[in-house]
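Breakdown of the fold
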Amino acid sequence: MDMFSERAKKIFDMAGADALLVETDFLRRYLTGFLSTDGYAVVEKDKCTLVVDSRYFEAAEKQLAGSGVKIVEGVYAKAEELLSGYHTIGVPYPFLSLANANRLTENGFALKDCMPAFKSAMTVKSAHEIALIQKACVIAEEAFIKLLPEIKEGMTESAVAALLEYNMRSLGAEGVSFDTIVAFGANGSVPHHETGKTKLKFGDPVLIDFGCKVEGYCSDITRTFLFGDDKKHEKFKTVYAEVLKAHELVKENLRAGMTGREADDIARSHLKKSDLAQYFTHSLGHGVGLQIHEYPLLTPRGEEVLKDGMVFSDEPGVYLKGEFGIRIEDTVRLEEGKAVSFMGKTERNLIIL
């Protein structure tokens, strides 16, 4: 059986519905392997059908030949036609609009949430998925290494982000995982700073959070460094060392069987020792896959048990308002019970350009 047919069958069996109707792009891609902005995946007991309009039909037929996924040209009416004769339809509730839910119920269908089945299947990655994430991580790291000597005083945050994104695409990425974050100086104290027109000055701390996609699968990495050493950054260097230690302790001590809360506490407990935990204002990590934020969640309240095959970020950070922010992030996976980083090319120790 083809990989994508296996995925569809697995989710169908777990969902407990007569048939599934999936509209959201990344869930359709997970089921079929084909990316389009519009379309519908209809999963029945013994088959998966992708309904796409004329813009995508030829490409879908070519890409999915031999995949076990049937391609049908049409729009919503064709998808609903495939559902005729069924009563209970599985739909992913978080990704279903009220208008579409009403349309289905008005046409006599009972709805059941199939998102738990997707979550269960997607949280643990296959070897194929892990290989794609590895490629995305390699490209991101190589693009960053290429970027460092290209950074010059007076460049804007946006210019640096554009160079990095160009590097990732030129190395084979199909796009970015999310809008690249580049923060100079005190801008880094905002964890998700909006990259803008601030110009780089000698001695500035620089925080860059970035990632790219390979066949839809994301990478996520953050590096923080100094653009020259003006000898005014002893506090920055001290805090950096603590954040780095927290980051590395997670990779050393995280184990399969822990909860997301216990994983988060590895980093948070270390930062408490130096009175920095109060400035660690987000969670340790999040799942990474076809979306940049997936399950599992490594948060102070996360009770999901971590298992081999899960992929997530390890990203402790400290943010001092008006001064600087430091975040060190790798994408990691659980393998043979231990955390293994996808990142092996870029330096985690403090870089001073």
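Please refer to the structure higher up on the page.
Residues numbered from 1 in each chain as written. Predicted model: local features only at pLDDT ≥ 70, side-chain atom pairs only at ≥ 80, totals over all residues. Heavy atoms only, no water.

1. So, unusual backbone geometry
The line we're drawing: Runs of H or I in DSSP of at least four residues are treated as helices and runs of E of at least two as strands, each being numbered from the N terminus. Three labels apply to residues, based on accessible area from a 1.4 Å probe with only protein chains included: buried if under 20% of the type maximum, exposed if over 50%, partly exposed otherwise in between.
Looking along the chain, the bond that leaves Y295 and enters P296 is cis, with omega of 10°. As for its position among the elements, P296 is in strand β14 (residues 294–298). Its identity is not glycine, yet E215 carries a phi of approximately 50°, on the positive side. The residue E215 is located in the loop between β10 (212–214) and β11 (217–218) in this model. Classification of E215 by relative accessible area gives partly exposed; the value is 44%. Located in the positive-phi region is K231, a residue other than glycine, with phi close to 65°. Inspection of the secondary structure puts K231 in the loop between β12 (221–227) and α9 (234–253).

2. Things to note about the packing of helix α7 (residues 127–147) against helix α8 (residues 157–170)
Note the threshold: The axes are straight lines fitted to the C-alpha atoms, using for helices just the contacting stretch, and the angles between their N-to-C directions are given from 0 to 180°. Any angle between 65 and 115 degrees counts as roughly perpendicular, while under 35 counts as roughly parallel, over 145 as roughly antiparallel, and the rest as oblique. Left-handed describes a crossing whose near helix is turned anticlockwise from the far helix by less than a right angle; the clockwise case is right-handed. In what follows, a contact means two residues having at least one pair of non-hydrogen atoms within 4.5 Å. For this scheme, ten residues count as nonpolar: Ala, Val, Leu, Ile, Met, Phe, Trp, Tyr, Cys and Pro. Four count as charged, namely Asp, Glu, Lys and Arg, and the remainder, Gly too, count as polar.
At their nearest, the axes of α7 and α8 sit 8 Å apart, and the two run at 130° to each other. Relative to α8, the element α7 lies oblique. Taken as a pair, α7 and α8 cross one another with a handedness that is right-handed. Within the contact between the two elements, α7 uses I139, A140, A143, F144, K146 and L147 and α8 uses V160, L163, L164, N167 and M168. Residues that form the contact of α7 with α8 fall into these classes: 9 nonpolar, 1 polar and 1 charged.

3. Examining the sheet that holds strand β8 (residues 181–184)
Quick reminder of the rule: Any two strands are treated as partners once DSSP identifies two or more bridges connecting them.
In space, the 3 strands of this open sheet follow the order β8-β9-β12, with antiparallel pairing throughout. Each edge of the sheet is formed by a strand with only one pairing partner; in this case those strands are β8 and β12. Averaged over all adjacent pairs, the angle separating strand axes in this sheet is 10°, with direction ignored. As paired elements, strand β9 (residues 204–210) and β12 share 7 bridges and run antiparallel to each other. Residue pairing across strands places D204 opposite F227, the latter belonging to β12.

4. Comments concerning helix α10 (residues 260–273)
Just so we agree on the cut-off: Working rule for helices: expected span equals 1.5 Å times residues minus one. To get the bend at any residue, fit one axis to the seven residues that end at it and another to the seven that begin at it, then take the angle between the two axes.
With 14 residues, α10 ought to run about 20 Å at 1.5 Å a step, and its terminal C-alpha atoms sit 21 Å apart, in line with that. Maximum bend of α10: about 30°, positioned at I266. Among the residues of α10, those classed as buried are G260, A263, D264, I266, A267, R268, H270 and L271. Elements in contact with the buried residues of α10: α9, β14 and β16 (317–320). A positive backbone phi angle near 55° is found at D275, which sits one or two residues after α10.

Purely geometric numbers; function is a separate question.
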